[in-house]
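Working through the structure, step by step
Next come the chains, spelled out residue by residue.
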Number of protein chains: 2
Amino acid sequence: MARAQRDTRTLVEQLRDDIIALISDEQLKPGDQLPTEQTLTETFGVSRPALREALKLLEQDAVIRVERGKGRFITAGATVRVERPITVFESVTQMVRRYGYEPSTRVLSTAEVPADEEVAEALRCPVGEPLVRLERLRLNRDVAILYCVDFVRRSLVPGRLYDTDWSGSLVELMGSRGARPVMSTAHASAVLLPEDVAARNDLRDFGPALLITETCFSADGEPVIYALDYHRGDAFSFSFVRK
Amino acid sequence: MARAQRDTRTLVEQLRDDIIALISDEQLKPGDQLPTEQTLTETFGVSRPALREALKLLEQDAVIRVERGKGRFITAGATVRVERPITVFESVTQMVRRYGYEPSTRVLSTAEVPADEEVAEALRCPVGEPLVRLERLRLNRDVAILYCVDFVRRSLVPGRLYDTDWSGSLVELMGSRGARPVMSTAHASAVLLPEDVAARNDLRDFGPALLITETCFSADGEPVIYALDYHRGDAFSFSFVRK
DNA sequence: GTGAGGACACCTGTCTGACAACCTCGAAGC
DNA sequence: GCTTCGAGGTTGTCAGACAGGTGTCCTCAC
């Protein structure tokens with residue numbers, strides 16, 4: 001009862017964050033014991049089930065470890081955190097801005113193409129399905145930092161291709177069409193720009209690229225965008241936690 | 001009570017997996033409603049608190065979404081899964097094997113070096129701290145696929161450097177020293193092999209490399225290994241989920 | 001004095017029952 | 001036809017209780 005209800009989050013989520021704050025405040029280190037359930041319920045003024053749900057979340061997050069009959073203990077996961085990991089979904093546009101770039105976008109080409117096997121599998125559509133293929137380049141102060149190829153189902157973007165503004169965030173665009181991507185599966189590898197692309201766009205000095213091949217899904221689980229993003233090697237570095 | 005107790009996992013964890021199985025069995029799709037708490041407690045023969053803890057875990061995993069007063073619904077996260085994502089910690093040795101390679105390891109150099117600023121910050125030790133610098137190459141059928149540089153505190157591997165077998169998994173080695181890494185923070189970027197390394201080891205044709213810079217932590221939260229792993233671009237591709 | 005055993009306190013795991021807050025939808029009243 | 005109200009369904013939260021594992025300390029037998 002000792003708890004403000006302004007917060008729209010559920011009690012459990014507040015509790016989870018409160019406990020993290022407590023670990024930080026008390027400077028608890030890996031191996032240290034967390035206060036017992038009874039103590040915590042009293043400190044936070046909540047019931048045991050609510051507290052236990054919050055603790056369970058932290059346990060799944062590898063922040064704490066539980067030993068029956070003994071107690072709960074801080075693990076290494078409590079100290080190992082990274083800001084804005086690549087595993088949090090965001091649009092390429094957002095990501096680029098977050099890196100401090102304010103890029104201009106150059107639309108290299110838009111075309112209606114039939115789905116080949118690779119794209120068809122990713123977008124779960126028949127081979128030959130009409131798609132829009134979008135080819136773009138993002139430049140920061142006239143330096144190309146990102147070369148992107150995107151595929152979306154033609155049926156999701158009806159109308160004439162040149163009536164649409166393709167220079168903004170594709171995620172936003174799909175969002176306005178009622179199919180906003182909210183998560184994705186991705187693969188990362190290191191490549192060079194395709195030879196013809198480098199030649200056509202004067203990108204010989206692009207250097208090694210981090211290629212992220214990403215299939216974006218909308219809230220109803222439908223694949224919406226299939227994207228190949230070539231990140232200039234010396235312009236991007238992605239972080240993540242492994243546990 | 002309808003539940004086998006052989007399983008050493010806690011009831012909640014079994015429940016979480018049971019619910020995932022149920023989603024799969026019933027072929028529930030994103031947007032579909034999950035059975036209500038009451039229904040689920042009856043089908044699984046468990047209490048509501050236990051069930052709720054399991055549901056909370058799935059909620060955190062973005063498998064389900066809850067709307068108060070309405071019910072729980074499947075989200076895209078239920079369908080979007082990836083096997084063996086890069087976000088699960090494992091040793092480089094394990095990872096390479098998982099890719100189907102059976103590489104030989106060539107130890108290029110071992111040396112005792114003082115920590116420079118970059119490494120000192122990662123390993124949270126003073127600049128100048130004595131470290132072991134280990135330089136290795138992994139070859140698959142005589143093709144170099146991975147070039148690794150590792151740093152560990154000298155104090156963790158006492159004894160003469162050449163008395164230690166450095167050709168195996170460094171994670172295992174540290175494990176036998178009581179400091180087994182269990183998680184890490186990592187950064188990925190695309191680079192070329194350092195010029196001198198390529199020259200010295202006849203690696204001109206290595207091509208673009210996916211560089212993963214990783215700090216590995218032991219269970220007690222101490223940084224144990226600082227590693228630079230250059231993955232040959234055409235030999236590796238890492239997958240992960242973003243949500 | 002010493003070692004083995006048991007009683008007990010402490011902790012987490014699980015269950016039961018209850019009430020509050022929120023949503024939907026239909027029926028009653030206007 | 002429209003609005004209002006209320007009943008029923010669903011999740012959010014709480015209180016209390018018992019079960020089972022762990023560690024400690026005391027006692028008792030030797």
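Residues numbered from 1 in each chain as written. Chains lettered and ligands numbered in written order. Predicted model: local features only at pLDDT ≥ 70, side-chain atom pairs only at ≥ 80, totals over all residues. Heavy atoms only, no water.

Some points on the overall build of chain A
- In terms of helices and strands, chain A carries seven helices and nine strands.
- Principal-axis analysis of the C-alpha atoms places the extent of chain A at approximately 65 × 35 × 35 Å.
- Per-residue burial for chain A yields a buried fraction of 51% across its 243 residues.
- Nonlocal contacts in chain A, meaning residues at least 24 apart in sequence, comprise 59% of its contacts between residues at least 6 apart.
- When the accessible area of chain A is evaluated, it comes to approximately 12000 Å², of which 48% is carbon and sulfur surface.
- Taking the average place of the 32 positive charges on the side chains of chain A and the average place of its 37 negative ones, the gap between the two points comes to 4 Å. (Helix = DSSP H or I, 4+ residues; strand = E, 2+ residues; numbered from the N terminus. Buried < 20%, exposed > 50% of the residue type's maximum accessible area, 1.4 Å probe, protein only. Contact = heavy atoms within 4.5 Å. Areas by Shrake-Rupley, 256 points an atom, 1.4 Å probe, with all protein chains shown as cover. Lys, Arg positive; Asp, Glu negative; His and termini not counted. Charge placed at Lys NZ, Arg CZ, Asp CG, Glu CD.)

Considerations on the domain arrangement of chain A
- Looking at chain A, the domain boundaries give domain 1 (11–78) and domain 2 (92–232).
- Taking only C-alpha atoms into account, the centre of domain 1 of chain A sits 42 Å from that of domain 2 of chain A. (Domains from an automatic or database assignment.)

What about the interface of chain A and chain B?
- On the side of chain B, 54 residues touch chain A, which itself brings 54 residues to the contact.
- Of the roughly 4500 Å² buried between chain A and chain B, counting both surfaces, carbon and sulfur atoms make up 58%.
- Across the contact surface, chain A and chain B share five salt bridges.
- Glu13 of chain A is paired through a salt bridge with Lys56 of chain B; the nearest N and O atoms lie 4.0 Å apart. (Buried area = accessible area lost by both parts, 1.4 Å probe. Salt bridge = Lys/Arg side-chain N within 4 Å of Asp/Glu carboxyl O.)

Examining the sheet that holds strand β8 (residues 223–232) of chain B
- With antiparallel pairing, seven strands are arranged side by side in an open sheet as β9(A)-β6(B)-β7(B)-β8(B)-β5(B)-β4(B)-β3(B). The strands lining the two open edges of the sheet, one partner per strand, are β9 (238–242) of chain A together with β3 (104–114) of chain B. The sheet shows a mean angle of 15° between the axes of neighbouring strands, taken without regard to direction.
- When β9 of chain A meets strand β6 (residues 181–191) of chain B, the two strands line up antiparallel, connected through five bridges. What sits directly across from Arg242 of chain A, in β6 of chain B, is Ser184 of chain B. (Pairing = 2+ DSSP bridges. Axes fitted to C-alpha atoms, helices over the stretch in contact; angles between N-to-C directions.)

A few points about the side chain of Thr75 of chain B
- Locating Thr75 of chain B in the fold gives a position in the loop between β2 (71–74) and α4 (92–98).
- Within the structure, Thr75 of chain B has its side chain in polar contact with the backbone oxygen of Ala62 of chain B (distance 2.5 Å).
- Sequence-distant contacts of Thr75 of chain B, defined by excluding residues within four places in its chain, comprise Ala219 of chain A together with Pro30, Ala62, Val63, Ile64 and Arg65 of chain B. (Polar contact = N/O pair within 3.5 Å; in protein donor to acceptor, adjacent residues only side chain to side chain.)

Quick word on the relation of the copies chain A and chain B
- Between chain A and chain B, the superposition needs a rotation of 180° and an axial shift of 0.0 Å, giving an RMSD of 0.1 Å. What the rotation and shift describe, once combined, is the action of a two-fold rotation axis.
- Taken as a fraction of all interface residues of chain A, those also at the interface in chain B reach 100%, which identifies the copy contact as same-surface. (Least-squares fit on C-alpha atoms with pLDDT ≥ 70 in both.)

A short note on the nonpolar core
- Formed by 37 residues in total, the largest nonpolar core has its most connected members in Ile19, Ile23, Leu34 and Ile64 of chain A together with Ile19, Leu34 and Ile64 of chain B.
- When contributions to this core are tallied by element, the ones reaching two or more residues are α1 (11–25), α2 (37–44) and α3 (48–60) of chain A together with α1 (11–25), α2 (37–44) and α3 (48–60) of chain B.
- Not counting chain neighbours up to four residues away, the residues in contact with Ile19 of chain B comprise Leu34, Phe44, Leu51, Ala54, Leu55 and Leu58 of chain B.
- Core analysis: the second largest hydrophobic core is formed by 34 residues, Ala186 of chain A together with Leu146, Ala188 and Ala235 of chain B among them. (Core = buried A, V, L, I, M, F, W, Y, C linked by side-chain atoms within 4.5 Å.)

Let's talk about the pairing of strand β1 (residues 64–67) of chain A
Residue and element names in this part refer to chain A.
- Here β1 runs beside strand β2 (residues 71–74); their pairing, made up of four bridges, is antiparallel. Considered in β2, the bridge of Glu67 is made with Gly71.
- Where β1 folds back onto β2 in an antiparallel hairpin, the turn is made up of three residues, including Gly69, whose phi is positive at roughly 85°.

Looking at the protein's contact with DNA strand C
- Neighbouring DNA strand C are 22 residues, the closest being Arg48 and Arg52 of chain A together with Leu11, Ser47 and Arg68 of chain B.
- Within 4 Å of the protein, the contacting atoms of DNA strand C are 74% sugar and phosphate, with bases supplying the remainder.
- In the environment of DNA strand C, a phosphate oxygen lies 2.7 Å from a nitrogen or oxygen atom belonging to the side chain of Ser47 of chain B.
- For DNA strand C, a phosphate oxygen lies 3.4 Å from a polar atom in the side chain of Lys70 of chain B.
- Contributions of two or more residues to the surface near DNA strand C are made by α3 and β2 of chain A together with α1 and α3 of chain B.
- Counting residues per element, the surface near DNA strand C draws most heavily on α3 of chain B, which supplies three residues.
- Each residue belonging to the surface near DNA strand C can be placed in one class, and the counts come to seven nonpolar, six polar and nine charged. (Near = heavy atom within 4 Å. Nonpolar A, V, L, I, M, F, W, Y, C, P; charged D, E, K, R; others polar.)

Examining the protein's contact with DNA strand D
- With respect to spatial proximity, 21 residues lie near DNA strand D, and among them Leu11 and Ser47 of chain A together with Arg48, Arg52 and Arg72 of chain B are the closest.
- The sugar-phosphate backbone supplies 76% of the atoms of DNA strand D found within 4 Å of the protein.
- Contact distances for DNA strand D include 3.4 Å between a sugar or linking oxygen and a side-chain N or O atom of Arg68 of chain A.
- In this structure, Arg52 of chain B approaches DNA strand D through a side-chain N or O atom, which is 2.8 Å from a phosphate oxygen.
- Listed by contribution, the elements that provide at least two residues to the surface near DNA strand D are α1 and α3 of chain A together with α3 and β2 of chain B.
- Of the residues contributing to the surface near DNA strand D, the split by class is six nonpolar, six polar and nine charged.

Thoughts on unusual backbone geometry
- Residues other than glycine seldom take positive phi values, yet Arg141 of chain A does so here, at roughly 50°.
- A positive phi angle is found at Asp142 of chain B, which is not glycine, with a value near 70°.
- Counting through the fold element by element, Asp142 of chain B comes out in the loop between β4 (130–140) and β5 (143–153).
- With a relative accessible area of 72%, Asp142 of chain B lands in the exposed category.

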